[in-house]
Amino acid sequence: MKKKYITLLYIKEDEDLAIDLVNHFYDRYVEVHKFVKTKKLNNKLLADLNKSSALIILSKSKDFNYLDYYKELKKADAKSQIIACYKNSTSMQLSFRINNIILKDNYTNIELMDDILCIIAGAYNKIRVNIFTKKRLKKEAFRLFDVGEYVWSLAYLLKLFDLKDREIKEKIASAYKTFKHANQAINYFSICLISDKEKNINGEFQGLIYNNLGCLYTEMRNLTFAEKYLKLAIECKNPEALFNLAYLYETSYNYDSKTTKKKESYELYHQVLISDYTSEEAKEKARKRLDDEAAKELEEKHYDIALKLYKFINNQLKEAECLRLLKYNN
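Residues numbered from 1 in each chain as written. Predicted model: local features only at pLDDT ≥ 70, side-chain atom pairs only at ≥ 80, totals over all residues. Heavy atoms only, no water.

### Brief notes about the packing of aromatic side chains
Counted according to the given criterion, the structure contains 10 aromatic pairs. Relative to Y188, the ring of Y176 lies with its centre 5.8 Å away and its plane at 20°, an arrangement referred to as stacked. With Y176 in helix α7 (residues 166–178) and Y188 in helix α8 (residues 182–190), the pair connects residues that are 12 residues apart, well separated along the chain. Residue Y176 shares its accessibility class with Y188, and that shared class is buried. Judged by centre distance (6.4 Å) and plane angle (35°), the ring pair of F225 and Y229 falls under tilted. Of this pair, F225 and Y229 are both found in helix α10 (residues 223–235), 4 residues apart, which corresponds to roughly one turn of the helix. Judged by its relative accessible area of 35%, F225 is partly exposed. Taken together, the ring pairs connect Y210, Y217, F225 and Y229 into an aromatic cluster. (Phe/Tyr/Trp six-rings, centres within 6.5 Å; stacked < 30°, edge-to-face > 60°. Helix = DSSP H or I, 4+ residues; strand = E, 2+ residues; numbered from the N terminus. Buried < 20%, exposed > 50% of the residue type's maximum accessible area, 1.4 Å probe, protein only.)

### What about a nonpolar patch on the surface?
A cluster of nonpolar residues, F161, L163 and I191, forms a patch on the protein surface that exposes about 260 Å² of accessible area. As for its placement among the helices and strands, I191 is situated in the loop between α8 and α9 (203–219). I191 sits in the partly exposed class, given a relative accessible area of 34%. (Patch = residues over 30% accessible without salt bridge, like charges linked within 9 Å, V, L, I, M, F, W, Y side chains within 5 Å. Areas by Shrake-Rupley, 256 points an atom, 1.4 Å probe, with all protein chains shown as cover. Salt bridge = Lys/Arg side-chain N within 4 Å of Asp/Glu carboxyl O.)

### Focus on the packing of helix α11 (residues 241–251) against helix α13 (residues 280–299)
Closest axis-to-axis distance for the α11/α13 pair is 10 Å, and the angle between their directions is 25°. It follows from the interaxial angle that α11 and α13 lie roughly parallel. Here α11 runs over α13; the crossing is left-handed. Where α11 abuts α13, its residues F243, Y247 and E250 lie against A282, K285, A286, R289 and E293. A class-by-class count of the residues in the contact of α11 with α13 yields 4 nonpolar, no polar and 4 charged. (Axes fitted to C-alpha atoms, helices over the stretch in contact; angles between N-to-C directions. Parallel < 35°, antiparallel > 145°, perpendicular 65-115°, else oblique. Left-handed = near helix turned anticlockwise from the far one by under 90°. Contact = heavy atoms within 4.5 Å. Nonpolar A, V, L, I, M, F, W, Y, C, P; charged D, E, K, R; others polar.)

### Some words on the sheet that holds strand β4 (residues 82–86)
Across the sheet, which stays open at both edges, the 5 strands sit in the order β2-β1-β3-β4-β5 with parallel pairing between neighbours. Each having just a single partner strand, β2 (31–36) and β5 (98–102) make up the two edges of the open sheet. In this sheet, neighbouring strand axes are inclined to one another by 20° on average, regardless of whether the strands run parallel or antiparallel. Where β4 and β5 come together, 5 bridges link them in parallel fashion. Within the sheet, the bridge partner assigned to C85 lies in β5 and is I101. (Pairing = 2+ DSSP bridges.)

Written out as structure tokens, the structure reads:
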């Protein structure tokens, strides 16, 4: 498979922003060829557009004069796609099929990158799916996903989308989750849900979907739906869900003090440690959370609570210290 890349064209005043953006792209395994805007015809840029998957135009500090790059834009318009990232639009943009991203003041570079990647994946037009290529393309999409090349994997997956193919739907949702597009991820995870009649047959897959939905709703601070789906995931014995529900209860006070369930979270962390279906990673995270919380309770002289938490993680040395302090202070 030929190496895929995108082309970034930016104005000189935005060079620091462009460099930072390129670094974020490389973190997502996306190769970027960057060019600073000049008034002269750039033959290297023209050649680069021959095989580029997208042309990104970055103009945050000042407006971009599209007339200076009419030839390059025509080529990009014909061969791939154009994504303009700007503060102010111009009438020249109407001459091309341009995807527009307005750079608001609170718009981070990571958010910008994720939005660009989703646009690229959604409009990718360099593959053709038919009965002869579908199996090969699906295998390639999954390979790309496994090595972290989510944007190119998602580009294939969206072309291969089939309501009957749960694996593809789950991979699409997971890719959107990686890009922090919670609404899109929720949409695709939701259509992965299966009927109650099949629950026992496909409990592991269903638990994975419920757990992902619970985590996404946690990120969106929708505590009611987060709790609902995490509990459903626990019923399916998902190995991560019990920890995620405990973490939701512990941390929800950060944005809604009325729903604080810290005591319940301690009990759930304990359940993570003693349950036979929870993952080793979940157990390790639960042990650390209990250890951290016990230390806080001990520092705040809540010796009875600290004692209970240290018992959960079998820290006998700290248990003895708590017992000594309880006896001394009674």
